[in-house]
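# Remarks on the overall topology
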Amino acid sequence: MTREEIAKMIDHTLLAATATKAQIEKLCDEAKKYNFASVCVNPVWVHLAAKELQGHSSAVCTVIGFPLGAEKSQAKAFAAKEAVLDGADEVDMVINIGAAKDGAFDLVQDDIRVVVQAAKEGGQQKGKKALVKVIVETCYLTDQEIEAACLAAKKAGADFVKTSTGFGTPKGADGKALPNGAQVRHVALMRKTVGPEMGVKASGGIRDAAFAKELVAAGANRLGCSAGVAIVEGWKE
């Protein structure tokens, strides 16, 4: 895989609460330079990112129900449609994690479906198809729950499943922090579950080319990371 090919798999991400206009503009400039798949920004920055990337191949991605997934489905749907109307080409939504832990995957599926429908409606008004990626937040789920969440996303008509927000804070029985980002085994499990029909996005803690290669080998075809430039610069073909 060439540098150009890996760059086209990266969602160049800045989701910090402190992100400024100048930082978003820099993010977009880097996306144009390296031809990243997209920039991923909070909804408030979608309009600016769309303006900065107008006429460029890099898409605009945003997050919905982020990072907890605990908003009402109607709120997520409204936010998703508004984001698409503002210029987003892709929306990454967080599932109802509590429902997943309860085993209520019918609720998880319904939550995803209304966002998929809202993004579709917004896309129709803008004359485009808006992709929906579903963040299952693997750090909180068992393997069985990850499988069930991925199947719910597939049944709801989503385009991708995604590992993490990067903002999760899981703890073990001893109270110590556990990994909260992408893990190779989770990516492999997700790819096995959804098959070749859906995309799998790995995100959270991807800081170098070596780890990115492992995730791609496991089945990821999109990477969400703030270290996109370092990964491309460090990529050995």
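Rules behind the numbers
Residues numbered from 1 in each chain as written. Predicted model: local features only at pLDDT ≥ 70, side-chain atom pairs only at ≥ 80, totals over all residues. Heavy atoms only, no water. Helix = DSSP H or I, 4+ residues; strand = E, 2+ residues; numbered from the N terminus. Polar contact = N/O pair within 3.5 Å; in protein donor to acceptor, adjacent residues only side chain to side chain. Contact = heavy atoms within 4.5 Å. Buried < 20%, exposed > 50% of the residue type's maximum accessible area, 1.4 Å probe, protein only. Axes fitted to C-alpha atoms, helices over the stretch in contact; angles between N-to-C directions. Parallel < 35°, antiparallel > 145°, perpendicular 65-115°, else oblique. Left-handed = near helix turned anticlockwise from the far one by under 90°. Nonpolar A, V, L, I, M, F, W, Y, C, P; charged D, E, K, R; others polar. Core = buried A, V, L, I, M, F, W, Y, C linked by side-chain atoms within 4.5 Å. Salt bridge = Lys/Arg side-chain N within 4 Å of Asp/Glu carboxyl O. Pairing = 2+ DSSP bridges. Phe/Tyr/Trp six-rings, centres within 6.5 Å; stacked < 30°, edge-to-face > 60°. Disulfide = S-S within 2.5 Å.

To continue, consider the side chain of Ser-58. Position of Ser-58 among the secondary structure elements: in the loop between helix H3 (46-52) and strand S3 (59-64). Only 2.7 Å separates the side chain of Ser-58 from the backbone oxygen of Phe-36, close enough to count as a polar contact. Excluding anything up to four places from it in sequence, Ser-58 contacts Ala-31, Asn-35, Phe-36, Ala-37, Ser-38 and Leu-53.

With that out of the way, let us pick up the environment of Lys-192. Relative to the elements of secondary structure, Lys-192 occurs in helix H8 (residues 184-194). In this structure Lys-192 comes out as exposed when scored by relative accessible area, which is 73%. Put simply, Lys-192 and Pro-170 are 22 residues apart on the chain and 24 Å apart in space, counted from C-alpha to C-alpha.

It is the contact of H8 with helix H9 (residues 209-218), at a shortest axis distance of 8 Å, that shows an interaxial angle of 25°. If you check the angle between H8 and H9, you find them roughly parallel. Crossing handedness for the pair H8 and H9: right-handed. Here Val-184, Val-187, Ala-188 and Arg-191 of H8 come into contact with H9, specifically with Phe-211, Glu-214, Leu-215 and Ala-218. The residue inventory of the contact of H8 with H9, partitioned by class, reads six nonpolar, no polar and two charged.

If you look at the biggest cluster of nonpolar residues, it comprises 78 residues, and the most contacted ones within it are Ile-95, Ile-112, Val-132, Val-134, Ile-206, Leu-215 and Leu-223. Excluding residues that lie within four positions of it along the chain, Leu-223 makes contacts with Ile-6, Met-9, Ile-10, Asp-11, Lys-201, Ala-202, Ile-206, Ala-212, Leu-215 and Val-216.

Between side chains of opposite charge, a pair can form as their charged atoms come close. This structure, assessed with the given rule, holds 18 salt bridges. The salt bridge involving Asp-159 is made with Lys-129; its shortest N-O contact spans 2.9 Å. Within this pair, whereas Asp-159 is found in the loop between helix H7 (143-155) and strand S6 (160-162), its partner Lys-129 is found in the loop between helix H6 (105-126) and strand S5 (131-135), the two being separated by 30 residues in sequence. The exposure class assigned to Asp-159 is buried, which follows from its relative accessible area of 19%. A single network of salt bridges, built from pairs that share partners, joins Asp-11, Glu-90, Asp-92, Lys-133, Lys-162, Lys-201 and Arg-222.

This part covers the sheet that holds strand S8 (residues 222-225). Strand order in the closed barrel made by the eight strands is S1-S2-S3-S4-S5-S6-S7-S8, with parallel pairing throughout. Ignoring which end each strand starts from, the neighbouring axes of this sheet average 25° apart. Across the sheet, H6 touches strand S4 (90-94) and S5, and the angle it forms with S4 is around 160°.

Summed over all chains, the structure comprises two aromatic pairs. Residues Tyr-34 and Phe-36 carry aromatic rings whose centres are separated by 5.6 Å and whose planes lie at 20° to one another, so their mutual orientation is stacked. The pair formed by Tyr-34 and Phe-36 is uniform in burial state, with each residue classed as buried. Between the aromatic rings of Phe-66 and Phe-167, the centroid separation amounts to 5.2 Å while the plane-to-plane angle is 80°, which identifies the pairing as edge-to-face. Taken together, the positions of Phe-66 in the loop between S3 and helix H4 (73-86) and Phe-167 in the loop between S6 and H8 put the pair 101 residues apart, joining distant regions of the chain.

Right, let's talk about unusual backbone geometry for a bit. Across the junction of Phe-66 and Pro-67, the peptide omega takes the value 0°, indicating a cis bond. Within the secondary structure layout, Pro-67 lies in the loop between S3 and H4. Its identity as a non-glycine residue notwithstanding, Asn-35 has a phi of 60°, on the positive side. Along the chain, Asn-35 falls in the loop between helix H2 (21-34) and strand S2 (38-41). Look at Asn-35 and you get partly exposed, because its relative accessible area is 32%. The phi torsion at Glu-137 lies on the positive side, around 55°, for a residue other than glycine. Mapped onto the elements, Glu-137 comes out in the loop between S5 and H7.

A few words now on the state of the cysteines. Put plainly, a disulfide is one covalent bond tying together the sulfur atoms of two cysteines. According to the stated counting rule, one finds zero disulfides in the structure shown. Cys-40 provides the cysteine sulfur closest to Cys-225, a residue in no disulfide bond, and the two sulfurs are 10 Å apart. Cys-225 gets classed as buried once you look at its relative accessible area, which sits at 4%.

The quantities given are spatial measurements derived from coordinates; they are silent on function.
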